[in-house]
Amino acid sequence: MDWKTFALIFGTVFVAELGDKTQLATLLFAADKAVNKWLVFFGASAALVATSALGVLGGALISQYVSERTLHLVAGIGFILIGLWTVFSR
């Protein structure tokens, strides 16, 4: 196993998920006293695993038709546009 790549992926996804709407929704579910906290944990974990699986499958499929360089370029431009939209949308 390539631990350096694993650590990079883990760190990137971990930081990206901190404080996002998914984490806030999970926090709200867990704050409900009537809800089992393990159920919240396993439900949220299963959802994140499922969405990650879709990302991996989608990336593997797209990479058969589009070069890695093009994907990086499109993703980078997309993030820049989202950032600009976020800054100027107020």
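That block above? That's the structure.
Throughout what follows, the structure given in this document is the object of discussion. As the structure is a computational prediction, the values presented were derived from the model and not from experiment. (Residues numbered from 1 in each chain as written. Predicted model: local features only at pLDDT ≥ 70, side-chain atom pairs only at ≥ 80, totals over all residues. Heavy atoms only, no water.)

1. So, the overall build of the protein chain
Note the threshold: A run of H or I in DSSP counts as a helix once it spans at least four residues, and a run of E counts as a strand once it spans at least two, with each numbered from the N terminus. C-alpha atoms define the radius of gyration, and 2.2 Å times the number of residues to the power 0.38 defines the globule rule. When a residue's accessible area, from a 1.4 Å probe over protein chains only, is under 20% of the maximum for its type it is buried; when over 50% it is exposed; and in between it is partly exposed. We get accessible surface area from the Shrake-Rupley algorithm with a probe of 1.4 Å; when it comes to residues, only the shown protein chains can shield them. Asp and Glu are treated as the negative residues and Lys and Arg as the positive ones, with His and the ends of the chain left uncounted. Working definition for charges: the position is that of NZ of Lys, CZ of Arg, CG of Asp or CD of Glu.
For the protein chain, the count of helices and strands is four helices and zero strands. Listed by position from the N terminus, the elements making up the protein chain come as α-α-α-α. Taking 2.2 N^0.38 as the reference for a compact globule, 90 residues should give roughly 12 Å; the C-alpha atoms of the protein chain span a radius of gyration of 17 Å, well beyond that estimate. Counting only C-alpha atoms, the protein chain reaches 50 × 45 × 25 Å along its principal axes. A total of 90 residues make up the protein chain; the buried ones form 2% of that total. Total accessible area on the protein chain is roughly 8100 Å²; 76% of this is exposed by carbon and sulfur atoms. Across the protein chain, 6 positive and 5 negative side-chain charges occur, with their mean positions spaced 8 Å apart.

2. A word on the packing of helix α2 (residues 21–31) against helix α3 (residues 37–62)
When two helices pack together, you describe them by how their axes are tilted relative to each other and by the distance separating the axes. Note the cut-off: Only C-alpha atoms enter the line fits that serve as axes; for helices the fit covers just the stretch in contact. Angles between N-to-C directions range over 0 to 180 degrees. Orientation is classified from the angle alone, with under 35 degrees giving roughly parallel, over 145 giving roughly antiparallel, 65 to 115 giving roughly perpendicular, and any other angle giving oblique. Here is the rule for handedness: rotate from the far helix to the near one, and if that takes an anticlockwise turn smaller than a right angle the crossing is left-handed, while a clockwise turn gives right-handed. Every residue pair with non-hydrogen atoms within 4.5 Å of one another is taken to be in contact. Following the grouping adopted for this structure description, the nonpolar residues are Ala, Val, Leu, Ile, Met, Phe, Trp, Tyr, Cys and Pro, the charged ones are Asp, Glu, Lys and Arg, and the polar ones are all others, Gly among them.
Contact geometry for α2 and α3: axes closest at 9 Å, N-to-C directions at 160 degrees. The angle between α2 and α3 falls in the class roughly antiparallel. Handedness of the crossing formed by α2 with α3: right-handed. Contact with α2, carried on its side by Thr 22, Thr 26, Phe 29 and Ala 30, involves Lys 37, Val 40, Ala 44 and Leu 48 of α3 and no other residues of that element. In terms of residue class, the contact of α2 with α3 is made up of five nonpolar, two polar and one charged.

3. Section: the packing of aromatic side chains
Just so we agree on the cut-off: For Phe, Tyr and Trp, where Trp contributes only its six-membered ring, two rings pair if their centres lie within 6.5 Å, and the inter-plane angle classes them as stacked under 30 degrees, edge-to-face over 60, or tilted in between.
Tallied over the full model, the rule gives six aromatic pairs. Ring centres of Trp 3 and Phe 6 lie 5.6 Å apart, and the angle between their planes is 75 degrees; on these two criteria the pair is classed as edge-to-face. Taken together, the residues Trp 3 and Phe 6, both in helix α1 (residues 3–17) and three residues apart, mark about one turn of the helix. On the basis of an interplanar angle of 15 degrees and a centroid distance of 5.7 Å, the ring pair of Phe 10 and Phe 14 is categorised as stacked. Taken together, the residues span about one helical turn, with Phe 10 and Phe 14 both in helix α1 at a distance of four residues. These aromatic residues form a ring-pair network of at least three members: Trp 3, Phe 6, Phe 10 and Phe 14.

4. Digging into α1
Here is the rule: Residue count minus one, scaled by 1.5 Å, sets the expected span of a helix. Distance and chemistry together define a polar contact, namely a pair of N or O atoms within 3.5 Å, with one atom able to donate a hydrogen and the other to accept it when in protein, and with adjacent residues in sequence counting only for side-chain atoms on both sides.
Spanning 15 residues, α1 covers 21 Å between terminal C-alpha atoms, matching the ideal 21 Å at 1.5 Å per step. For α1, the capping residue at the N-terminal end is Asp 2, with a side-chain oxygen 3.3 Å from the backbone nitrogen of Lys 4. Where α1 ends, the next residue or the one after it, Gly 19, has phi of about 75 degrees, a positive value.

5. With respect to the environment of Gly 59
By the secondary structure assignment, Gly 59 is in helix α3. Sequence-wise, Gly 59 and Leu 71 are twelve residues apart; in three dimensions their C-alpha atoms are separated by 9.2 Å.

No statement about biological role is implied by the geometric values presented.
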